[in-house]
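These are the residues of each chain, in order.
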Amino acid sequence: AQGEETSLISHLLHSLSELQLGSCQWALLPRNKSFLPHKQTNSIQQNQKQTQQFFSSMAMSFTMSLNFLLLVAMVATNILSLYHLSSTTSFFRPKQSSSTTTAVPQHLLHQLHTIRATINHLTRIQSESDKNKKTISINSKIPPSDLLIFSNLSPIASSCNDYPDLLHKYMNYTPFDVCPKDSQLAESLMLRGCHPLPRRRCFARTPSNPRLSNLDSNVIWSNYPSATCRSFKCLNPKLGFDSNLDSTQFLSYKSEIDLTIPQLLDIAKRASSVIRLGIDIGGGTGTFAARMKERNVTVLTTTMNLGAPYSEFNALRGVVPLHAPLQQRLPVFDGVIDLVRCGHAVNRWIPTTAMEFLLFDFDRVLRGGGFLWVDHFFSKGVDLDVVYKPLINKLGYKIVKWATGSKMDSSGVKNNEVYLTALLQKPKSR
């Protein structure tokens, strides 16, 4: 093909040279055709036509040859690419005899089956979630009237929109009548991030005949179906419902991880820092707030009524319960609190990022020179120095007390957990 192409090109160049020579000779001839014989003129015109036809045919054949060569090159390139891709894997493997077929490894088959099962499972879950969403959307097409009214008056937490069925059930009530028995529903919404809850125009249910002489009469026990009886006496005393049992709590010193209230007040006095107002995070039944109240210190207790009347017990002790989950921003202004204490409710089960936001919310409400008391915080021993100590050090507080000890209950021994008690003082200025 290359030889034919070369001969075509040489023949074309020869024709062009003849054409140029004829053109030059024709240019030297006089322009007046009358000077040329008639036969000579016709022969010249015929030569020109033949030359043009030959040139056109040669140009067309050259173009077709070039296109054909490009097509052959493109096809060859694709064939080589396919061959290269098909042979890349086998290039790095030892050659096997053609008579034996390569078996797929069992672990790859297992992984393929696992992936296929996972895809089928996710597809089934997606279809079920789509059905649930359709059901919820059908049931939630028409929101309760009071929900529409309140949404025009005040914003509703964005997390509430993730649970429209629960929200609509909570707001589906008769206005200006007694509120439904849905305290557990309210707790469920709050724990899912729907807080603060929307306000309602109904009359809250209260005990019919509350008496301080009979503490049990101050609780609507039907709100706590998990309670085994309708009395504080049948509740687990370890949860703090026995005032006699926790009479020495925060007052006796048993080990290094203990910090008593007298020690705390003495430290604050020596640091020229006055403690008048505090917050107890996850304070349960309000024992710490009750002890501080005896020393003219007001402590607010954040608590949730998870299966037991924690808020009611706080109120019966004369301390203020804040019905707020740990996810909620503390409902106090910046820099007005002298002391923040966090007990067992703040522990290793809180995600690290959520813990970080929680600690910086403590910093927000604490005044300069205020104290942060981390009381019996428990975590795995390996995580204390690696995760939680650097997390606490981000606050840049002065370490007044830092003590650790082993957690000796069954869970602590099984998971190698430790306790941390730390008292930290916020800098007076940044």
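Placed above this text is the structure.
Residues numbered from 1 in each chain as written. Predicted model: local features only at pLDDT ≥ 70, side-chain atom pairs only at ≥ 80, totals over all residues. Heavy atoms only, no water.

**Student:** Residues and numbers for the packing of helix 5 (residues 164–171) against helix 6 (residues 183–191), please.
**Tutor:** The N-to-C vectors of helix 5 and helix 6 enclose an angle of 140°; their axes lie 10 Å apart at closest approach. Helix-helix and strand crossings are classified by hand; for helix 5 and helix 6 the assignment is left-handed. Counted together, Leu166, Leu167, Lys169 and Tyr170 of helix 5 and Leu185, Ala186 and Leu189 of helix 6 form the full contact between these two elements. Partitioned by chemical class, the residues of the contact of helix 5 with helix 6 number six nonpolar, no polar and one charged. (Axes fitted to C-alpha atoms, helices over the stretch in contact; angles between N-to-C directions. Helix = DSSP H or I, 4+ residues; strand = E, 2+ residues; numbered from the N terminus. Left-handed = near helix turned anticlockwise from the far one by under 90°. Contact = heavy atoms within 4.5 Å. Nonpolar A, V, L, I, M, F, W, Y, C, P; charged D, E, K, R; others polar.)

**Student:** Summarise the pattern of salt bridges; cite the residues concerned and give the values.
**Tutor:** Two side chains of opposite charge can pair, provided their charged atoms sit close to one another. Within the structure shown, the criterion is met by 18 salt bridges. Of the charged contacts, one joins Arg270 and Asp266 as a salt bridge, the two residues approaching to 3.1 Å between their closest N and O atoms. Residue Arg270 and its partner Asp266 are located together in helix 7 (residues 261–270), separated by four residues, close to a single helical turn. Relative accessible area serves as the criterion here: at 62%, Arg270 is assigned to the exposed category. Taking the shortest distance from any N to any O, the salt bridge between Asp334 and Arg329 comes out at 4.0 Å. Here Asp334 falls in the partly exposed class, since its relative accessible area comes to 37%. It is possible to trace a salt-bridge network through shared partners that takes in Arg329, Asp334, Asp361 and Arg364. (Salt bridge = Lys/Arg side-chain N within 4 Å of Asp/Glu carboxyl O. Buried < 20%, exposed > 50% of the residue type's maximum accessible area, 1.4 Å probe, protein only.)

**Student:** Could you give an account of the sheet that holds strand 5 (residues 366–380), with specific residues and numbers?
**Tutor:** Hydrogen bonds along the backbone pair up the strands of a sheet, which may run parallel or antiparallel. Read across the open sheet, the seven strands follow the order 3-2-1-4-5-7-6; overall the sheet is mixed. Edge positions in the sheet fall to strand 3 (320–323) and strand 6 (398–406), since each of these pairs with one other strand and no more. For this sheet, the mean inter-axis angle between neighbouring strands, taken without regard to orientation, is 15°. Lying on the sheet, helix 7 is in contact with strand 4 (337–342), strand 5, strand 6 and strand 7 (417–425); it crosses strand 5 at an angle near 145°. The strands that helix 11 (residues 381–393) touches are strand 5, strand 6 and strand 7; relative to strand 5, the one it contacts most, it runs at about 165°. (Pairing = 2+ DSSP bridges.)

**Student:** So what's going on with the environment of Leu235? Residues and values would help.
**Tutor:** Structurally, Leu235 can be placed in the loop between helix 6 and helix 7. The spatial distance from the C-alpha of Leu235 to the C-alpha of Pro309 is 9.8 Å, given a sequence separation of 74 residues.

**Student:** Which residues make up the packing of helix 10 (residues 352–365) against helix 11, and what values do they have?
**Tutor:** Where helix 10 contacts helix 11, the axes come no closer than 10 Å and their chain directions differ by 25°. Overall, the two elements helix 10 and helix 11 adopt an arrangement that is roughly parallel. For the crossing formed where helix 10 meets helix 11, the hand is right-handed. Residues Thr352, Met355, Glu356 and Leu359 of helix 10 pack against Val387, Tyr388, Leu391 and Ile392 of helix 11. In the contact of helix 10 with helix 11, the residues fall into six nonpolar, one polar and one charged. (Parallel < 35°, antiparallel > 145°, perpendicular 65-115°, else oblique.)

**Student:** Mind laying out the state of the cysteines, listing which residues take part and the relevant values?
**Tutor:** Scanning the model with the defined rule gives two disulfides in all. Across the disulfide from Cys160 sits Cys194; the S-S distance is 1.8 Å. The sign of the S-S torsion, about 90°, decides the handedness of the disulfide formed by Cys160 and Cys194: right-handed. Of the two residues, Cys160 sits in the loop between helix 4 (145–153) and helix 5 while Cys194 sits in the loop between helix 6 and helix 7, which places them 34 residues apart along the sequence. (Disulfide = S-S within 2.5 Å.)

**Student:** Describe in detail helix 6, supporting the description with residues and values.
**Tutor:** Since one α-helical turn is 3.6 residues long, residues separated by three or four positions face the same way. Those residues of helix 6 that sit buried are Leu185, Ala186, Glu187, Leu189 and Met190. Those residues of helix 6 that are buried are in contact with helix 5 and strand 3. Where helix 6 ends, the next residue or the one after it, Gly193, has phi of about 95°, a positive value.

**Student:** Outline empty space enclosed by the protein, supporting the account with residue identities and numerical values.
**Tutor:** Rolled over the atoms, a probe as big as a water molecule pinpoints where empty space is left. Here the structure, examined in full by the defined rule, presents two cavities of 30 Å³ or more. Approximately 70 Å³ is the volume found for the largest cavity. Lining of the largest cavity is provided by Cys342, Val346, Met355, Leu359, Val374, Phe377, Tyr388, Leu391 and Ile392. If you list the elements that add at least two residues to the lining of the largest cavity, you get helix 10, strand 5 and helix 11. Considering every element that reaches the lining of the largest cavity, the biggest residue donor is helix 11, with three residues. What the second largest cavity holds in volume is close to 50 Å³. (1 Å grid on protein atoms, 1.4 Å probe; cavity = no way out; pocket = protein on both sides within 12 Å on 5 of 7 lines; lining within 4 Å. Points joined across faces, edges and corners; volume = space filled by probe spheres on them.)

**Student:** Account for the layout of surface pockets, with residues named and values stated.
**Tutor:** A volume near 1500 Å³ is recorded for the largest pocket. For the largest pocket, the lining is made up of 48 residues, of which Gln249, Gly282, Arg341, Gly343 and His344 are closest to its centre. At the level of elements, helix 8 (287–293), strand 2 (298–303), helix 10 and strand 5 are the ones that each hand at least two residues to the lining of the largest pocket. No other element matches the four residues that helix 10 contributes to the lining of the largest pocket. Residue classes in the lining of the largest pocket are distributed as 20 nonpolar, 18 polar and 10 charged.

**Student:** I'd like to hear about the packing of aromatic side chains, residue by residue, with values.
**Tutor:** According to the stated counting rule, one finds nine aromatic pairs in the structure shown. Relative to Trp373, the ring of Phe288 has its centre 5.5 Å away and its plane inclined at 80°; by these criteria the two rings are edge-to-face. Of this pair, Phe288 sits in helix 8 while Trp373 sits in strand 5, and the two are 85 residues apart along the sequence. Taken individually, Phe288 and Trp373 each receive the classification buried, so the pair is uniform in this respect. Between Phe377 and Tyr388, the ring centres sit 5.0 Å apart and the planes meet at 65°, which makes this aromatic pair edge-to-face. Of the two residues, Phe377 is situated in strand 5 and Tyr388 in helix 11; the sequence distance between them amounts to 11 residues. Taken individually, Phe377 and Tyr388 each receive the classification buried, so the pair is uniform in this respect. Through a chain of ring-to-ring contacts, three or more aromatic side chains come together here, namely Trp221, Phe232, Phe241, Tyr310 and Phe313. One residue, Arg200, lies across the ring of Tyr173, its end atom 5.6 Å from the ring centre. Over the ring of Phe288 we find Arg341, and its NZ or CZ is 5.3 Å from the ring centre. (Phe/Tyr/Trp six-rings, centres within 6.5 Å; stacked < 30°, edge-to-face > 60°. Lys NZ or Arg CZ within 6 Å of the ring centre and 35° of its normal.)

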